[in-house]
Amino acid sequence: MAYEVTEHPLTGVEARPGQSHYAIFDHGAHAWAWQPDGQRPVLWLSAHSRFASGQAVRGGVPVIFPWFGTGPAGDRQPAHGFGRLQAWNRRHVADTTDTDGRLVVELELDPTMTGEQPDFPFSYSAGLQATFTPQYLQVALEVRNTDTTDVTFEAALHTYLAVSDVRQVSLHGLDGVHYLDRTATATALPVVQRGPVTITAETDRIYQEHPAVTLHDPGWTRSLTISDEGAANLVVWNPWVAKAAAMADFGDDEWTGMICVESANVLDHAITLEPGESHRLSQRVTLG
Ligand code: BG6
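Residue positions within a chain follow its written sequence, with the count starting from 1. At least 70 in pLDDT is required for a residue's local features to be given in this predicted model, at least 80 for side-chain atom pairs to be given and counted, and no such filter applies to totals for whole chains, interfaces and linings, which use all residues. To get the side-chain values, all heavy atoms of the structure are used, and hydrogens and water are removed first.

**Considerations on the pairing of strand S4 (residues 30-35)**
This is how the line gets drawn: Residue exposure (1.4 Å probe, protein chains only): buried if accessible area is under 20% of the type maximum, exposed if over 50%, otherwise partly exposed. Secondary structure elements follow DSSP: runs of H or I no shorter than four residues count as helices, runs of E no shorter than two count as strands, and numbering proceeds from the N terminus. A pair of strands is considered paired only if DSSP assigns at least 2 bridges between the two.
Along S4, 5 of the 6 residues are buried, which leaves the element largely enclosed by surrounding structure. Direction of pairing for strand S3 (residues 21-25) relative to S4: antiparallel, over a ladder of 5 bridges. When the sheet's bridge partners are listed, His21 is paired in S4 with Gln35.

Written out as structure tokens, the structure reads:
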């Protein structure tokens, strides 16, 4: 049976069917635990994360909306938009953990907040559905334009995956895919991925059209497949030594235990919705 989150000063839903662990905060509609039976946690969560209203949780699946970073023109704050900093209202919980190990939680960005952001003064709705199962975690963000004008936004499901040692893992499926290297200068041209992605330095890349990818972790003899729909981009991020040390909510040595694989629509792939249109961005992380 699912129950209310009590371990952190944020509200949410949590379940522990068998030896599994599922959890999501209402704050930011932020899934923060998916640990299937007999597995180590799949979602990484920093021991230094803040758990407070108005702050971003460091780990889990932050919902990045309605802009990525500082936005396409580089002039927006807060970083990665306001979606991960705000209250979302829980709309529905379908708890069948006792029979099939599934938990589905649906939330909606508080509609009283929409239209009030100076950088995003539109009328819209944003809903998040998180599906926890013994085999996979799926997170889906659906945005609908309820305005009378076009609405353009960026979004990402900024999934932090736990790994044995990021220097030993490899991400397969991106051979031949173009990417933008965000650690290089702003004018850098897209380069082409050759072979699997390995992490040997600070890594911050925006890949273009991509298939499903598989993360091989020999240290934990585990493979994770990350597939998505409605995502033109895949972002791969690890801060490495210096950037980890510079972040207050990230332990200096924690960078070895995580990699972000983010399903996204950013920069040239920002989504424009005409009045009445909607867009669904979803990501599924599957064992094996
Ligand atoms: C990634 C970006 O998605 O998120 C990185 O590509 C950024 O540039 C990282 O550093 C973390 O961002 P934040 O705002 O959560 O510290």
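**Let's talk about the sheet that holds strand S18 (residues 233-238)**
With antiparallel pairing, 7 strands are arranged side by side in an open sheet as S5-S11-S19-S18-S15-S13-S14. Single-partner strands in this sheet number two, and they are strand S5 (63-64) and strand S14 (191-192).

**Re the site of the ligand**
Where we set the bar: When we say a residue is near a molecule or strand, we mean one of its heavy atoms is within 4 Å of it. Residues adjacent in sequence count toward polar contacts only when both atoms are side-chain atoms; beyond that, a polar contact is any pair of N or O atoms within 3.5 Å, and within protein one must be able to donate a hydrogen and the other to accept it. Under the convention used here, a 1.4 Å probe and the Shrake-Rupley method define accessible areas, while residue burial counts only the protein chains that appear. Here a cavity denotes a set of grid points, spaced 1 Å apart and computed over the protein atoms alone, in which a 1.4 Å probe fits but from which it cannot get out, and a pocket denotes an open set meeting protein on both sides within 12 Å along at least five of seven lines; residues with an atom within 4 Å of a point are reported as lining. Molecule-in-pocket calls rest on the fraction of atoms, with more than half required to lie within 2 Å of the cavity or pocket grid points. Only Asp, Glu, Lys and Arg are considered charged in this grouping, and only Ala, Val, Leu, Ile, Met, Phe, Trp, Tyr, Cys and Pro are considered nonpolar; every other residue, Gly among them, is considered polar.
Every residue lining the ligand is accounted for by Arg58, Phe68, His80, Arg84, His158, Arg182, Asp204, Val235, Trp237, Lys243 and Glu262. Within the contact set of the ligand, an oxygen atom lies 2.8 Å away from a side-chain nitrogen or oxygen of Arg84. Within the side chain of Glu262, one N or O atom sits 2.9 Å away from an oxygen atom of the ligand. Isolated, the ligand exposes 400 Å² of accessible area, and the fraction of that covered by the protein chains is 86%. Because more than half of its atoms lie within 2 Å of the grid, the ligand is assigned to the largest pocket. Class assignment for the residues of the shell around the ligand results in 3 nonpolar, 2 polar and 6 charged.

**Things to note about unusual backbone geometry**
With an omega dihedral of 0°, the bond running from Phe65 to Pro66 counts as a cis peptide bond. Mapped onto the secondary structure, Pro66 falls in the loop between S5 and strand S6 (88-96). Along the chain, Gln77 connects to Pro78 via a cis peptide bond; the corresponding omega equals 0°. Its location among the elements puts Pro78 in the loop between S5 and S6.

**Remarks on the sheet that holds S4**
Taken together, 4 strands build an open sheet; the order of strands is S1-S2-S3-S4 and the sheet is antiparallel. At either margin of the open sheet sits one strand with a lone partner, and together these are strand S1 (3-4) and S4. In terms of strand pairing, strand S2 (residues 12-15) meets S3 through 4 bridges, oriented antiparallel. Its bridge partner being in S3, Gly12 is matched across the sheet by Phe25.

**Section: the side chain of Glu254**
Rules: In summary, the charge assignment counts Lys and Arg as positive and Asp and Glu as negative, without counting His or the chain termini. Every case where a carboxyl oxygen of Asp or Glu lies within 4 Å of a side-chain nitrogen of Lys or Arg is listed as a salt bridge. Throughout, a residue-residue contact means that at least one pair of heavy atoms, one from each residue, lies within 4.5 Å.
Mapping Glu254 onto the fold places it in the loop between helix H2 (240-246) and strand S19 (258-265). Here Glu254 occupies a buried position and makes no salt bridge, while the nearest side chain of opposite charge, Arg58, is found at 7.5 Å. Looking at Glu254, its side chain comes within polar contact range of the main-chain nitrogen of Ala47, at 2.8 Å. Those residues in contact with Glu254, other than ones at most four positions away along the chain, are Trp44, Ser46, Ala47 and His48.

**Considering the nonpolar core**
Definition in use: To form a nonpolar core, buried Ala, Val, Leu, Ile, Met, Phe, Trp, Tyr and Cys residues must be joined to one another through side-chain atoms within 4.5 Å.
With 67 residues, the main nonpolar core has Phe65 and Leu128 as its most contacted residues. Those residues in contact with Leu128 that lie beyond four places of it in its chain are Ile24, Ala29, Val63, Trp88, Val105, Glu106, Leu107, Val139, Ala140 and Leu141. Formed by 8 residues, the second largest nonpolar core is a distinct cluster that contains Val5, Ala33, Phe51 and Val57.

**Description of the environment of Leu137**
By secondary structure assignment, the location of Leu137 is in strand S9 (residues 136-145). Each C-alpha atom, one on Leu137 and one on Ala31, is 9.4 Å from the other, the two residues being 106 residues apart in sequence. Those residues in contact with Leu137 that lie beyond four places of it in its chain are Trp34, Leu43, Val61, Thr131, Phe132, Gln283, Arg284 and Val285.

**Notes on the pattern of salt bridges**
Following the criterion strictly, the structure yields 7 salt bridges and no others. Between Arg182 and Asp204 there is a salt bridge; the shortest N-O distance is 3.5 Å. Residue Arg182 is located in the loop between strand S13 (178-181) and S14, and its partner Asp204 is located in strand S15 (residues 203-207); the two are separated by 22 residues in the primary sequence. Residue classification places Asp204 among the buried positions, given a relative accessible area of 8%. Connected through shared salt-bridge partners, Glu4, Asp26 and Arg90 make up one network.

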